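# Working through the structure, step by step
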Amino acid sequence: MISAPTGGCFLCAEGPKFRISGVKCAVSVSSNDSAAANAVGFRERPWKIADARLVLDDGSIWKAKSFGATGTQVGEVVFNTSLTGYQEILTDPSYAGQFVLMTNPHIGNTGVNFDDEESRQCFLAGLVIRSYSISTSNWRSAETLGSYLTKRNIMGIYDVDTRAITRKLREEGSRIGVLSTEQSKSDKELLEMSQSWDIVGVDLISGVTCESPYEWMDKTGDDWDFNSDGRHGETYHVVAYDFGIKQCILRRLASFGCKITVVPSTWPASETLRMKPDGILFSNGPGDPSAVPYAVETVKELLGKAPIFGICMGHQLLGQALGGKTFKMKFGHHGGNHPVRNLQNGRVGISSQNHNYAVDPASLPDGIEVTHINLNDGTCAGLAFPALNIMSLQYHPEASPGPHDSDSVFWDFVDLMKRVKETA
């Protein structure tokens, strides 16, 4: 039953006095009486109303509007400060088990395309944004963001105060949350779900790695290749461990003249050595490095056997394999605008980062150098162990999305393989 409230009050000015008048609707309109509704000017709302909730484990409840898939999902809430590249973020396997909140308020305006995928599917738990663009405008756009998420069974919400949630995460740290469009579930049930789940200690790599080895050959397209000068003419064979590897890493390595064999996270070190690689890459990946002791053991077995390059999760696994410790950060680093200083040459570059764990440099044995630091909080952003031909970075040199300041480290890895091969 829709009616104006009886006894509603309006204040009417009559000189210095006021008169109180009661107003009552003379026509009752039921939800199934469309003719009566049209008669008095009632129409269906032209806008979407809040139909979703994000319930955090501290008890806070955030009403929102849904797009993409429906249902209920649990995950860790993190914020990403990138201004562009939401499709690359959606398909980055390192976000497995996480809700990604974009601090840039306007998302979806460029749609999605088939060229910017970073993996075979979306692995994140959900997307949280301020303003969802109902129209798309980009010459490469093939689909709307909402349709894309629906087909991939990924939940999204919008019209939520992302600034307030970001401040909460910065002040209190990353939180577990439950995203739901199911009205049958009470707030208490969703809160209990968020408080009974934890991402720490969970092996997320096993859910994103490839099932069997394969060869990668695609290079960065000519239209997008920005750093093609001075590459080696010789081809170097790299075995890349897939802990959740991004395809742009593989394209950049191929563009620098590498022949790449991608292997699963559980691939035995003995099988890798049988391939006689010129170098070994330990890739990025999701979650807690301490939750994958099998990967740490594999890294240990390969130390000193060939030049090694670790990226993100690979960097953390190297830290543990070399005798160091890792720790969970308060809210992590997620975005394409993190300043990093190269301690070897003093240069500062802007980097693309996505990680919730870091290596404790004080726990590392002698001989291991900290080569890069994050200028936002001073955490370790790169390591080198010259005695064993090891180099690693805590961030993404391939960016995608993000700046290209660190692309030259692929050259450094190729140069390391060249020097080792020449002195063998």
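Anyway, here's the lowdown on the structure attached to this text. (Residues numbered from 1 in each chain as written. Predicted model: local features only at pLDDT ≥ 70, side-chain atom pairs only at ≥ 80, totals over all residues. Heavy atoms only, no water.)

## Description of the packing of aromatic side chains
Each aromatic ring pair is specified by the distance between its two centres and by the angle formed by the two planes. Applying the stated criterion to the full structure yields 10 aromatic pairs. Centre to centre, the rings of Y241 and F243 are 6.1 Å apart; their planes meet at 25°, and the pair counts as stacked. With a relative accessible area of 1%, Y241 lands in the buried category. Seen from their ring centres, F243 and F282 are 6.3 Å apart, and the 25° between their planes marks the pair as stacked. Residue F243 is located in the loop between β13 (236-241) and α6 (247-255), and its partner F282 is located in strand β15 (residues 279-282); the two are separated by 39 residues in the primary sequence. Here F243 matches F282 in class, with each residue buried. We note K328 situated over the ring of Y357; from NZ or CZ to the ring centre the distance is 5.9 Å. (Phe/Tyr/Trp six-rings, centres within 6.5 Å; stacked < 30°, edge-to-face > 60°. Buried < 20%, exposed > 50% of the residue type's maximum accessible area, 1.4 Å probe, protein only. Helix = DSSP H or I, 4+ residues; strand = E, 2+ residues; numbered from the N terminus. Lys NZ or Arg CZ within 6 Å of the ring centre and 35° of its normal.)

## Let's talk about helix α9 (residues 313-321)
When you tally the buried positions in α9, you get nine out of nine residues, the bulk of the element. A positive phi of about 105° marks G323, the residue just after α9.

## Remarks on the packing of helix α8 (residues 293-302) against α9
Contact pair α8 / α9: the axes reach a minimum separation of 9 Å and the direction vectors enclose 70°. Here α8 lies roughly perpendicular to α9, going by the angle between them. Every residue of α9 that contacts α8 at A295, V296, V299 and K300 is listed here: L317, L318, Q320 and A321. The class makeup of the residues in the contact of α8 with α9 is six nonpolar, one polar and one charged. (Axes fitted to C-alpha atoms, helices over the stretch in contact; angles between N-to-C directions. Parallel < 35°, antiparallel > 145°, perpendicular 65-115°, else oblique. Contact = heavy atoms within 4.5 Å. Nonpolar A, V, L, I, M, F, W, Y, C, P; charged D, E, K, R; others polar.)

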